[in-house]
Amino acid sequence: MTPLHHIGNFIRELVVPIPLWCVRGLFLGTLIAVLIWVVRLPKENATPSETAPWYQNLKIWACLALAIQIVIYSVF
């Protein structure tokens, strides 16, 4: 057995007792935090110019993608 096996077993023993509902909550919390951060970004940071049409605002699409991920991971 190599030293990497021992390191891997040590890490596995540390991670196995963590309940899956806790991991899911942390993962969803991270996605929600990123969604809040994206919503709070100024419009100037998410569009190529002031006169750009609404569909070029990247915040809309980022929020949509994050919302879809939150729904998928909270349901499954």
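The model shown is predicted, which means the values in this text are computed figures rather than measured ones.

Undergrad: Run through the overall build of the protein, naming residues and quoting values.
TA: In terms of regular secondary structure, the protein is built from three helices and zero strands. Seen in sequence order, the protein has helices and strands lined up from the N terminus as α-α-α. Scaling as 2.2 N^0.38, a compact globule of 76 residues should have a C-alpha radius of gyration of about 11 Å, whereas the protein reaches 19 Å, well beyond that. Over its C-alpha atoms, taken along the principal directions, the protein stretches across nearly 60 × 30 × 15 Å. Every one of the 76 residues in the protein was classed for burial, and the buried ones make up 14%.

Undergrad: Describe the packing of helix H2 (residues 20-40) against helix H3 (residues 58-75), with residues and values.
TA: One way to put it is that H2 packs onto H3 with a least axis distance of 10 Å and a crossing angle of 165°. Considered as vectors, H2 and H3 are oriented roughly antiparallel to each other. For the crossing formed where H2 meets H3, the hand is left-handed. Here Arg24, Phe27, Leu28, Leu31, Ile32, Val34, Leu35, Val38 and Val39 of H2 come into contact with H3, specifically with Lys59, Ala62, Cys63, Leu66, Gln69, Ile70, Tyr73, Ser74 and Val75. Of the residues assigned to the contact of H2 with H3, the class counts are 14 nonpolar, two polar and two charged.

Undergrad: Describe the packing of aromatic side chains, naming the residues involved and giving the relevant values.
TA: The tally for this structure, following the rule as stated, stands at three aromatic pairs. Taking 4.9 Å as the distance between ring centres and 85° as the angle between the ring planes, the aromatic pair formed by phenylalanine 27 and tyrosine 73 counts as edge-to-face. Of this pair, phenylalanine 27 sits in helix H2 while tyrosine 73 sits in helix H3, and the two are 46 residues apart along the sequence. Seen from their ring centres, tryptophan 54 and tyrosine 55 are 5.9 Å apart, and the 85° between their planes marks the pair as edge-to-face. Overall, tyrosine 55 belongs to the partly exposed group, its relative accessible area being 46%.

Undergrad: Please provide a residue-by-residue account of the environment of valine 34, values included.
TA: If you trace the backbone, valine 34 turns up in helix H2. Taking the C-alpha atoms as reference points, valine 34 and cysteine 63, 29 residues apart in sequence, are found 9.1 Å from one another.

Undergrad: Run through H3, naming residues and quoting values.
TA: Over its 18 residues, H3 extends 26 Å from the first C-alpha to the last, a length consistent with the 26 Å expected when each residue adds 1.5 Å. Three or more residues of H3 are buried, namely Lys59, Cys63, Leu66 and Ile70. Looking down the long axis of H3, one finds its buried residues gathered within 70° of arc, a one-sided arrangement. With respect to the buried face of H3, the exposed residues turned more than 90 degrees away are Leu58, Val71 and Val75.

Scoring rules and cut-offs
Every chain is numbered on its own, with residues counted from 1 as its sequence reads. It should be noted that, the model being predicted, local features are given only for residues of pLDDT at least 70 and side-chain atom pairs only at 80 or more, the latter also being counted only at that level, while totals for whole chains, interfaces and linings use all residues. Note: side-chain values were computed over all heavy atoms of the structure, leaving out hydrogens and water. Counting from the N terminus, the helices are DSSP H or I runs at least four residues long and the strands are E runs at least two residues long. Atoms considered for the radius of gyration are the C-alpha atoms alone. The globule rule reads 2.2 Å times the number of residues to the power 0.38. Accessible area is worked out with a 1.4 Å probe on protein chains only. A residue is then buried under 20% of its type maximum, exposed over 50%, and partly exposed in between. Fitted lines through C-alpha atoms give the axes, limited to the stretch in contact for helices. The angle between two N-to-C directions lies from 0 to 180 degrees. Oblique is the label for any angle not under 35 degrees, not over 145, and not in the 65 to 115 range, which are roughly parallel, roughly antiparallel and roughly perpendicular in turn. For a crossing to be left-handed, the near helix must be turned anticlockwise from the far one by less than a right angle; the clockwise case is right-handed. Contact definition: two residues touch when any of their heavy atoms are within 4.5 Å. Polar here means any residue outside two lists: the nonpolar Ala, Val, Leu, Ile, Met, Phe, Trp, Tyr, Cys and Pro, and the charged Asp, Glu, Lys and Arg; Gly therefore counts as polar. Only the six-membered ring of Trp is used, alongside the rings of Phe and Tyr, when aromatic pairs are assigned; centres must lie within 6.5 Å, and planes under 30 degrees apart are stacked while those over 60 apart are edge-to-face, with the rest tilted. Expected helix span is computed as 1.5 Å times (number of residues minus one). Think of the arc as the fan of directions from the helix axis to the C-beta atoms.

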